[in-house]
Amino acid sequence: MMEYKGYRAAITFDDEAGVFRGEVTGTRDVIMFEGVSVVELRKEFEFSIDDYLQACETRGRFPDKPYSGKIPLRVPPAVHRAAEAAAKAQGKSLNSWIAEAVKREISGQTGEIEGY
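Residues numbered from 1 in each chain as written. Predicted model: local features only at pLDDT ≥ 70, side-chain atom pairs only at ≥ 80, totals over all residues. Heavy atoms only, no water.

Draft legend 1. Inspection of the packing of aromatic side chains at higher detail. Counted under the stated rule, the structure contains four aromatic pairs. Ring geometry for Phe13 versus Phe20: centroids 4.9 Å apart, planes at 55°, classification tilted. Take Phe13: its relative accessible area is 43%, and that puts it in the partly exposed class. Among the aromatic side chains, those forming a connected cluster through ring pairs are Tyr4, Phe33 and Phe45. (Phe/Tyr/Trp six-rings, centres within 6.5 Å; stacked < 30°, edge-to-face > 60°. Buried < 20%, exposed > 50% of the residue type's maximum accessible area, 1.4 Å probe, protein only.)

Draft legend 2. Focus on the environment of Val38. Here Val38 is to be found in helix α1 (residues 38–59). Residue class for Val38 comes out exposed when judged on its relative accessible area of 55%. Between the C-alpha atom of Val38 and that of Ala9, which follows or precedes it by 29 residues, the distance is 13 Å. (Helix = DSSP H or I, 4+ residues; strand = E, 2+ residues; numbered from the N terminus.)

Draft legend 3. Structural context of the side chain of Asp64. With respect to the helices, strands and loops of the structure, Asp64 is situated in the loop between α1 and α2 (77–89). Accessibility expressed as a relative area gives 9% for Asp64, which makes it buried. In this view, Asp64 contacts Tyr7, Thr27, Arg28, Asp29 and Tyr52; residues no more than four positions away in its chain are not counted. (Contact = heavy atoms within 4.5 Å.)

Draft legend 4. Representation of α1 within the structure. Here α1 is 22 residues long and its end C-alpha atoms lie 31 Å apart, about the 32 Å a rise of 1.5 Å per residue gives. Looking only at α1, the buried set comprises Leu41, Phe45, Ser48, Ile49, Tyr52 and Cys56. Buried positions in α1, seen along its axis, are confined to an arc of 90° and lie on one side of it. Opposite the buried face of α1, by more than 90 degrees, sit the exposed residues Val39, Lys43, Phe47, Glu57 and Thr58. (Expected span 1.5 Å × (residues − 1). Arc of directions from axis to C-beta.)

Draft legend 5. Region of the structure containing the sheet that holds strand β4 (residues 32–35). Reading across the sheet, the four strands line up as β1-β2-β3-β4 and stay open at both edges, with antiparallel pairing between neighbours. Taken across any chain shown, the strands that pair with only one partner, and hence form the sheet edges, are β1 (2–4) and β4. Looking at each pair of strands side by side, their axes are set apart by 30° on average, direction ignored. Of the pairings in the sheet, the one linking strand β3 (residues 19–25) to β4 comprises four bridges and is antiparallel in character. Note on β4: the bridge partner recorded for Phe20 is Gly35. (Pairing = 2+ DSSP bridges. Axes fitted to C-alpha atoms, helices over the stretch in contact; angles between N-to-C directions.)

Draft legend 6. A look at α2. In this model, α2 (13 residues) spans 18 Å end to end at C-alpha, consistent with the 18 Å of a helix rising 1.5 Å per residue. Two residues or fewer after α2 comes Gly91, characterised by a positive phi angle close to 70°.

Next comes the structure, spelled out in structure tokens:
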């Protein structure tokens, strides 16, 4: 995994072509790059992010930002109380209990969650 300006990229190696390939994760936009060495790969990654940000600015659109992992959540007080009690009964923080519940719900519908 590489990181630059808050953007992260997953890296693979294509043995047949002899190149490293990278793809930025956590955004809706497709940003890909490649290089024949780690140094070249990092340079191309940084160039791709800078180019993407510049292209967005030129077009007058906001760049897609990587997900922060923070979800503002509002629930009725009774639900908050019940969730806190359930988390405490399992010896977990409310945050980790909610994260696990969301992951469980998503995994049941789509399979594994990348990066979790």
